[in-house]
Amino acid sequence: MGLEKVGTTISKEIIAWTRTNGSKSLLAMKPVKVNTCELKYIPKLESDVIQTTKKLIKADTTLFSWAKPKPEFSMTKVNPDSLALVHMTNYYPQNGQILSINLATRASEGIGCARTTIHFALNKPVTEHMLGNGWNTMDYAIIAPFKETVQGTPKSKVIGGFQDDFFFRDVVKLPKGSVIVKYNPKINPGELLVSDAFDGIKLVETSNRHMNETVSTVIQKMGYTTYNDALRRFLGASESEIKLLTSKPEIEVRESFMQIHKSGGSDKHKKMLEERLNSTIEFFTDIIDGEKVINEHKEIFSEEMKWLSLYEKFSEKFGIFPKTWKKFCAKNNYINGLHSQTAWFKAEMGITGIEIADKVNDNSWGKNLKQILIRSLNESESTLPKEKSLGYDIKTITKIIDESETPKIAKERIQKELKLKPMPPRQASQEFYDNDDSSGGGEALAEFMFNFLGLT
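Counting restarts for each chain: residues are numbered from 1 in the order of the written sequence. Restriction of local features to residues with pLDDT of at least 70 applies here, the model being predicted, together with a cutoff of 80 or more for giving and counting side-chain atom pairs; totals for whole chains, interfaces and linings are based on all residues. For side-chain calculations, the full set of non-hydrogen atoms in the structure is used, while hydrogens and water are omitted.

Peer 1: Any chance you could break down helix α15 (residues 443-452) for me, citing the residues and the numbers?
Peer 2: We call a residue buried when its accessible area falls under 20% of the maximum for its residue type, exposed when it is over 50%, and partly exposed in between, using a 1.4 Å probe and counting protein chains only. Each helix is a run of DSSP H or I of at least 4 residues and each strand a run of E of at least 2, with the numbering of both proceeding from the N terminus. Listed as buried for α15 are Glu443, Ala446, Met449 and Phe450. Buried residues of α15 fall within an arc of 120 degrees about the axis and therefore sit on the same side. Every exposed residue of α15 that faces more than 90 degrees away from the buried side is listed here: Ala444, Asn451 and Phe452. Just downstream of α15, Gly454 is the residue with a positive phi angle, here 85 degrees. Of all possible arcs, the one meant is that of the directions from the helix axis to the C-beta atoms.

Peer 1: Describe the pairing of strand β7 (residues 117-122), with residues and values.
Peer 2: Burial runs high along β7: six of the six residues are buried. The alternating pattern of β7 places Thr117, His119 and Ala121 on one face and Ile118, Phe120 and Leu122 on the opposite face, and all of these are buried. A pair of strands is considered paired only if DSSP assigns at least 2 bridges between the two. Pairing between β7 and strand β10 (residues 165-169): four bridges, direction antiparallel. Within β10, the position partnered with His119 by the bridge is Phe167.

Peer 1: Mind laying out the pairing of strand β3 (residues 54-58), listing which residues take part and the relevant values?
Peer 2: Counting buried positions along β3 gives zero out of five residues, so the element sits mostly on the surface. With five bridges connecting them, β3 and strand β13 (residues 191-198) associate as antiparallel partners. Pairing of Ile57 across the sheet is with Leu192, part of β13.

Peer 1: Report on the environment of Lys388, specifying residues and quantitative values.
Peer 2: Tracing the chain through its elements places Lys388 in the loop between α11 (369-382) and α12 (394-403). Those residues in contact with Lys388, other than ones at most four positions away along the chain, are Lys155, Ser156, Val158, Ile159 and Trp344. Throughout, a residue-residue contact means that at least one pair of heavy atoms, one from each residue, lies within 4.5 Å.

Peer 1: I'd like a rundown of the packing of aromatic side chains, residues and numbers included.
Peer 2: Side-chain rings of Phe, Tyr and Trp, where Trp is taken by its six-membered ring, are said to pair if the distance between their centres is within 6.5 Å; with planes under 30 degrees apart they count as stacked, over 60 as edge-to-face, and otherwise as tilted. Evaluated as defined, the whole model comprises 19 aromatic pairs. Ring centres of Phe64 and Trp66 lie 4.3 Å apart, and the angle between their planes is 5 degrees; on these two criteria the pair is classed as stacked. With centroids separated by 5.5 Å and ring planes inclined at 65 degrees, the aromatic side chains of Phe166 and Phe168 adopt a geometry described as edge-to-face. Assigned by exposure class, Phe166 and Phe168 land together as buried. These aromatic residues form a ring-pair network of at least three members: Phe73, Phe120, Phe146, Phe166, Phe168, Tyr227, Phe321, Trp325, Phe328 and Tyr334. Looking at Arg209, its charged tip hangs above the ring of Tyr183, at a distance of 3.7 Å from the centre. Over the ring of Phe234 we find Lys317; its NZ or CZ atom is 4.6 Å from the centre of that ring. Note on criteria: charge over ring means Lys NZ or Arg CZ within 6 Å of the ring centre, with the direction from the centre no more than 35 degrees off the ring normal.

Peer 1: Hey, could you go over the nonpolar core for me, with residue numbers and the actual values?
Peer 2: Of all hydrophobic cores here, the largest spans 48 residues; its most connected members are Phe146, Ile180, Leu245, Phe257 and Trp325. Considering each element in turn, this core owes the most residues, six residues, to helix α8 (residues 290-318). Each residue touching Phe257, except ones within four places of it in the same chain, is listed here: Leu245, Trp307, Leu310, Tyr311, Ser315 and Phe318. If you look at the next biggest cluster of nonpolar residues, it comprises 33 residues, including Trp344, Leu369, Tyr392 and Ala446. Nonpolar cores are built from buried Ala, Val, Leu, Ile, Met, Phe, Trp, Tyr and Cys residues. Side-chain atoms within 4.5 Å join them into one set.

Peer 1: Just give me the short version of the layout of surface pockets, but keep the residues and values in it.
Peer 2: Grid spacing is 1 Å over the protein atoms alone, the probe is 1.4 Å, and a cavity is where that probe fits but cannot get out, while a pocket is an open set with protein on both sides within 12 Å along at least five of seven lines and lining residues have an atom within 4 Å of a point. Grid points are joined across faces, edges and corners, and a volume is the space filled by probe spheres set on the points. The computed volume of the second largest pocket comes to approximately 540 Å³. Asn212, Ser216, Asn228, Lys243 and Thr246 are the residues nearest the centre of the second largest pocket, which is lined by 19 residues in total. When contributions to the lining of the second largest pocket are tallied by element, the ones reaching two or more residues are α3 (211-221), α4 (227-235) and α5 (239-245). Here the residues of the lining of the second largest pocket are counted per class, giving three nonpolar, nine polar and seven charged. Residues are grouped as follows: nonpolar covers Ala, Val, Leu, Ile, Met, Phe, Trp, Tyr, Cys and Pro; charged covers Asp, Glu, Lys and Arg; every other residue, Gly included, is treated as polar.

Peer 1: Residue-level account of the packing of helix α6 (residues 250-262) against α8, with values.
Peer 2: Helix axes are fitted only over the stretch in contact, all axes being lines through C-alpha atoms; the angle between N-to-C directions runs from 0 to 180 degrees. Across the interface, α6 lies against α8 with an axial gap of 10 Å and an inter-helix angle of 105 degrees. One way to sum up the angle between α6 and α8 is to call them roughly perpendicular. Here Glu250, Val253, Arg254, Phe257, Ile260 and His261 of α6 come into contact with α8, specifically with Trp307, Leu308, Leu310, Tyr311, Ser315 and Phe318. Considering only residue class, the contact of α6 with α8 consists of eight nonpolar, two polar and two charged. Angular relationships are summarised with four words: roughly parallel below 35 degrees, roughly antiparallel beyond 145, roughly perpendicular across 65 to 115, and oblique for the angles in between.

Peer 1: I'd like a description of a nonpolar patch on the surface, backed by residues and values.
Peer 2: What goes into a patch is any residue over 30% in relative accessible area without a salt bridge, connected to like charges within 9 Å or, for nonpolar side chains (Val, Leu, Ile, Met, Phe, Trp, Tyr), within 5 Å. Using a 1.4 Å probe, accessible areas were evaluated by the Shrake-Rupley method; residue-level cover was limited to the displayed protein chains. Only one rule defines a salt bridge in this text: a Lys or Arg side-chain nitrogen within 4 Å of an Asp or Glu carboxyl oxygen. On the surface, a cluster of nonpolar side chains totalling about 360 Å² of accessible area is made up of Phe283, Ile287 and Ile288. Following the sequence through the fold, Ile287 ends up in the loop between α7 (266-284) and α8. Given a relative accessible area of 39%, Ile287 falls into the partly exposed group.

Peer 1: Could you give an account of the side chain of Thr217, with specific residues and numbers?
Peer 2: Summarising the element assignment, Thr217 is placed in helix α3. On the basis of relative accessibility, which here comes to 16%, the residue Thr217 falls in the buried class. Ignoring anything within four residues of it in the chain, the contact list for Thr217 reads Ala59 and Asp60.

Peer 1: Break down the sheet that holds strand β8 (residues 140-145) for me, with residues and values.
Peer 2: Judged by pairing direction, the sheet is mixed, and its nine strands sit side by side in the order β3-β13-β14-β12-β8-β4-β7-β10-β9 without closing on themselves. Looking at which strands have only one partner, the edges of the open sheet turn out to be β3 and β9 (158-162). The mean angle between the axes of side-by-side strands here comes to 30 degrees, regardless of whether they run parallel or antiparallel. Sheet topology note: the β8/strand β12 (residues 179-183) ladder contains four bridges and is antiparallel. In the sheet register, Ile142 faces β12, and the bridge partner there is Ile180.

This is the structure in structure tokens:
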């Protein structure tokens, strides 16, 4: 509704004129009463949704009217046209762009968090894990065609990764054909409300609080194969088997399979599990509450046996796509591996280390925490791939740390001079901060946290 020529006498109600039935004619207007107590000033919403059309459709897997089938996702050969990037977030894209948390917080607060990278999974929502966020219930999911997104991003800012975590630096401009999925509790269950968000980019609203479920549906409606479906068909797994296989990040599953292999294979691993269970039963029999402990271990044994069965059936084929992906990354000059093993993560954790020394070690560098951070930050810069950048000045940061008498002084100087601050602590780190009652004696705990974060 547009307000036109209102009187200067202010009361609880005023008369305004609005066009009727969406007509553009100035003659097709009618007077309406407006309660001034409910009026709110709305600034220009540059990042808001341009809703030129709205349509309710079924939340099934049939194609969107504008979509065409994409090439099948293959585990043996990577075709960029078959890939979709999926970003789970609580932030709406700004002007058709995804900003790193560094740029987003810098724009809103004047100081940016230390993470300059933006992360996606391939053809699936990222799998939840203990050290991550609640990805399955984020307010937004952004799905973008891989090939066009990469082509629209400077090569220096396309980093790489693996199927659960492919990342860029600073900004990702969404190409046409992208879809933003939004949680909206007002939408009827089983339906999706589709409208235009930006030029060539659709907004899909859902009341399903489990955003990961809707994302899988939308990926298929866009014409892509979901990663989990492609993996199930490739392995020849049942629905229950693939559900268990994909309940953990794939890197964790591969590590579990590797441990079984190192322990001597399935037979020896099964024997070890049986011996462990029998020892537990023998020890806790006739002990108060022993039956409860025994039943818990029986459940654990049952789950372990399920994973052992998956290992026996699928461990060999499960390792094929990582090899396929490795070749694709090498061909395109992408990093192949975990974010936690990259220079960007090491630099980010180095800045976080200042916060740890401040909070955990009572604002003291102790004997060697300063040296550890300086060495780690220097290593992050020296291990950068060719023509890539961290997004901030490591030399200035290490100089500030070296000159600062305490971690708090270093943190304040970095915020003031570089407009940079540590990432907010995850829950586990926050518990360290909140529960540690040491007074100048937390250096051992701080070093433990440094080691845990990969600082050396």
